[in-house]
Amino acid sequence: MIQSYQEQITVSKIKKFYSLINQSYQLASIENPPPQAITSGLATVEGSTKLYDYFKPYLKIIKDCGFEAGCFPNSFYKNLNGTDSVNFITRASKNYMVILNDGSAISFMLERIEYVDTPITQLGIIYYDINGPKPPNTFGKDIFQVHITPEGIKLPDYMKMSQKMERCYETGYSCMGWVIKYGNLDYLHCDDLEYGGKISCK
């Protein structure tokens, strides 16, 4: 019961963040040039700072860490399969990090990628940790991500249908799409879920 309650709190926070970042993007796009005007190639300190500045007026930020430790842990996040993922403080691709008034942490990375197997062009990534630097610091459990594209904010599950849950189970990167669509974290408890098929462990 306690686990189920905590997971529903996580689901609620993820949905709230997704709504917030979509609204922020829409407002920013009205008042400023679109982010594709300031992005090209791999992430840089300058680019990620510009992306942060793009969203900053529409977010309630209580701590601005920039590229230093304090908002995200100075250690590796884990993939959902237990392997090391990324250390936001030391990674070569630069992330601008802040903490919001609800205690969650957000990291902005401006990086243009043309995906071969989808029509989506990624302009950047926003990482969202529901409880800041506190554990478990694992993708799919307390850290999630959305992609910035010329068409707006996209969930990171726009790959082929057959790949969506495979990537979620392996890395946790695409699990946010599942949470938004089905409102649960049941992928943490059973390994046979699929879009359009079995959507809960029950």
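Quick note: structure is the one above.
Here is what the cut-offs are and how they apply
Counting restarts for each chain: residues are numbered from 1 in the order of the written sequence. A pLDDT threshold of at least 70 governs which residues receive local features in this predicted model, and a stricter bar of 80 or more applies before side-chain atom pairs are shown or counted, although totals over entire chains, interfaces and linings include all residues. Side-chain numbers come from the whole structure's heavy atoms, not from hydrogens or water. Throughout this description, the term nonpolar core refers to a set of buried Ala, Val, Leu, Ile, Met, Phe, Trp, Tyr and Cys residues connected via side-chain atoms within 4.5 Å. Residue exposure (1.4 Å probe, protein chains only): buried if accessible area is under 20% of the type maximum, exposed if over 50%, otherwise partly exposed. A run of H or I in DSSP counts as a helix once it spans at least four residues, and a run of E counts as a strand once it spans at least two, with each numbered from the N terminus. Contacts between residues were defined by any pair of non-hydrogen atoms, one from each residue, lying within 4.5 Å. Each salt bridge in this description consists of a side-chain nitrogen of Lys or Arg and a carboxyl oxygen of Asp or Glu lying within 4 Å of one another. N or O atoms within 3.5 Å of each other form a polar contact, as long as, within protein, one can give a hydrogen and the other can take it, and as long as residues adjacent in sequence are counted only when both atoms are side-chain atoms. The disulfide definition used here is simple: a pair of cysteine sulfur atoms within 2.5 Å.

K.L.:
Is there a simple way to think about the nonpolar core in this case?
P.N.:
The nonpolar side chains of a soluble globular protein tend to be buried with one another. Phe55, Phe108, Ile126, Val146 and Tyr187 are the most contacted members of the largest nonpolar core, which totals 41 residues. At the level of secondary structure, the elements contributing two or more residues to this core comprise α1 (2–31), α2 (45–55), β2 (96–100), β3 (105–114), β4 (121–129), β5 (143–149), α3 (161–170) and α4 (175–182). The element best represented in this core is α1, accounting for seven residues. In this structure Phe108 touches Ser48, Leu51, Tyr52, Phe55, Leu59, Lys94, Asn95, Tyr96, Val98, Ile125 and Ile126, once residues within four positions along its chain are discounted. Counting residues in each nonpolar core, the second largest holds 16 residues, with Ala43, Tyr77, Ile89 and Met109 among its members.

K.L.:
Could you clarify how one ought to interpret the pattern of salt bridges in this entry?
P.N.:
This structure, assessed with the given rule, holds three salt bridges. In this structure, Lys78 and Asp84 form a salt bridge, with 2.5 Å as the shortest nitrogen-oxygen distance. Owing to a relative accessible area of 46%, Asp84 belongs among the partly exposed residues under this scheme.

K.L.:
Sorry if this is basic, but what is going on with the side chain of Ser104 here?
P.N.:
When you line up the elements, Ser104 lands in the loop between β2 and β3. With a relative accessible area of 0%, Ser104 lands in the buried category. A distance of 2.6 Å separates the side chain of Ser104 from the side chain of Asp102, its partner in a polar contact. Ser104 has contacts with Val98, Ile99, Tyr128, Asp129, Ile130 and Gly132, leaving out every residue within four places of it along the chain.

K.L.:
How should the state of the cysteines be read in this particular structure?
P.N.:
Taken as a whole, this structure holds three disulfides when the rule is applied. Note on cysteine connectivity: Cys168 is disulfide-linked to Cys175, with sulfurs 1.9 Å apart. Torsion about the S-S bond of the Cys168 and Cys175 cystine: about 105°, corresponding to right-handed handedness. Side by side, Cys168 and Cys175 carry an identical accessibility label, which is buried. Covalently, Cys190 is tied to Cys201 through a disulfide, its sulfur atoms 2.1 Å apart. Because the sign of the S-S torsion sets the handedness, a value of about -95° for the bond joining Cys190 and Cys201 places this disulfide among the left-handed ones. Of the two residues, Cys190 sits in the segment after α4 while Cys201 sits in the segment after α4, which places them 11 residues apart along the sequence.

Just distances and angles here, no functional claims.
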